[in-house]
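For reference, the chains in residue letters:
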Amino acid sequence: MGATTLITVAPTGAESAKTDVPALPVTLDELVQTAKECEAAGAAVIHVHIRDDDARPTLDLFLLRDTVAALRESTGLIVQLSTGGAVTDPYEDRLRVLDAQPDMCSLTCGTVNFGDDVFMNPWPFMVELYKRTQELEVVPEFELFDMGQVAALHRLLDKHGLPYGGHVHCDLVMGVPGGMPGDARTLVAAVDALPAGATWSATGVGRTSLPVMFAALSAGGHLRVGMEDTVTLAKGQPVTANAQLVVRAAQAATVAQRPPMSAADARALLRTKPA
């Protein structure tokens, strides 16, 4: 077990509507304020989805570039852009995200039923995205929604080599309707199947957020939390700021005697470009 815990915050996502979740950060100012609060609470990485002026998900390259620049100016966080976007986004737009020059990006290793929708990640798209991360020196975080995607990750690495920086870091996304369940047994099975030497975080969506957090900490893993993944602290208790979720994760990590990792240590672990 490492001595510290990498905490990633995913503050916005593409699913929740601002009208339903008023505390969701959707403007650049809201996102920067959230990032500062979450960094102070113990986050080292921010996983970013952006919204347009109507608070709808967008992959607009100018907005993405502005967002990356603003987050770098205001925080020391590692900026990880989502290449998933919304389930309706075309592949070209998702590939273009890397032109905003983030430190990291998400790379989902397969297609998954996402509630009533389908999150499409066919093999040729995965390969193209992966090769672009290598060329542009962006560190991918491999998002894994089920065990088949762990097998696809092995296939990707076998055929196309290690990512930029040479280190493999994964995020187990658990509890999505259509993906793997968010329980300890499944987490252990997924971790056992990861490539040798890989590090990993785990994300519990919705009501699986706490079981997954505790399972990840006890198995020596890292954490991703945020309003992209859960909008309630407890039944009937809505999250009022992403920092609440980061504080809770930091407290749990500290109780587990693996307190939050600094952004500088996270850069060394993930082997992103220097800040």
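Overview of the structure. Note that the structure is predicted; figures quoted are calculated from it, not measured. Every chain is numbered independently, its residues counted from 1 as its sequence is written. Residue-level local features of this predicted model are given only where pLDDT is at least 70; pairs of side-chain atoms are given and counted only at 80 or more, and the full residue set underlies all totals for whole chains, interfaces and linings. The basis for every side-chain value is the complete set of non-hydrogen atoms in the structure, without hydrogens or water.

### What about the overall build of the protein?
Right, on to step 1. Secondary structure elements are defined from DSSP: runs of H or I of at least 4 residues count as helices, runs of E of at least 2 residues count as strands, and each element is numbered from the N terminus. Along the protein, the regular secondary structure elements total nine helices and 14 strands.
Right, on to step 2. As defined in this context, the radius of gyration uses C-alpha atoms, and a globule is described by 2.2 Å times the residue total to the power 0.38. Since a compact globule built from 275 residues should have a radius of gyration of about 19 Å, the 17 Å found for the protein is in line with a globular shape.
Right, on to step 3. Projected onto its principal axes, the C-alpha coordinates of the protein cover approximately 45 × 40 × 40 Å.
Right, on to step 4. Per-residue burial for the protein yields a buried fraction of 54% across its 275 residues.
Right, on to step 5. Within the protein, contacts between residues separated by at least 24 positions form 72% of all contacts whose residues are at least 6 apart in sequence.
Right, on to step 6. Mean positive and mean negative side-chain charge positions of the protein (21 and 32 charges, respectively) differ by 4 Å. For the exposure calls, accessible area comes from a 1.4 Å probe over protein chains only, and a residue counts as buried if that area is under 20% of its type's maximum, exposed if over 50%, partly exposed in between. Note on definitions: a residue-residue contact is assigned when non-hydrogen atoms from the two residues lie within 4.5 Å. Positive charges come from Lys and Arg, negative ones from Asp and Glu, while His and the chain ends are left out of the count. Think of each charge as sitting on NZ of Lys, CZ of Arg, CG of Asp or CD of Glu.

### Section: unusual backbone geometry
Right, on to step 1. Unlike most non-glycine residues, Ala55 shows phi in positive territory, near 65 degrees.
Right, on to step 2. With a phi angle near 55 degrees, Gln101 is a residue other than glycine that sits in the positive phi range.
Right, on to step 3. Here Gln101 is to be found in the loop between α3 (91-96) and β6 (104-108).

### As for the environment of Arg271
Right, on to step 1. As for its position among the elements, Arg271 is in the segment after α9 (263-270).
Right, on to step 2. Taking the C-alpha atoms as reference, Arg271 lies 9.5 Å from Val168; in sequence the two are 103 residues apart.
Right, on to step 3. Ignoring any residue separated from it by four or fewer positions in sequence, one finds Arg271 in contact with Val139, Tyr164, Gly165, Gly166, His167 and Ala266.
Right, on to step 4. Reaching out from Arg271, the side chain makes a polar contact with the backbone oxygen of Gly165 at a distance of 3.4 Å. Counting of polar contacts relies on pairs of N or O atoms within 3.5 Å, with two restrictions inside protein: one atom must be capable of donating a hydrogen and the other of accepting it, and residues adjacent in sequence are counted only when both atoms are side-chain atoms.

### Here we look at the pairing of strand β9 (residues 139-144)
Right, on to step 1. Taken across its six residues, β9 has six buried, putting it largely inside the fold.
Right, on to step 2. Across the two faces of β9 the burial is the same, with Val139, Glu141 and Glu143 and Pro140, Phe142 and Leu144 all buried.
Right, on to step 3. Paired strands are those between which DSSP finds at least two bridges. By the bridge criterion, five bridges tie β6 to β9 in an arrangement that is parallel. Of the residues in β9, the one forming a bridge with Cys105 is Pro140.

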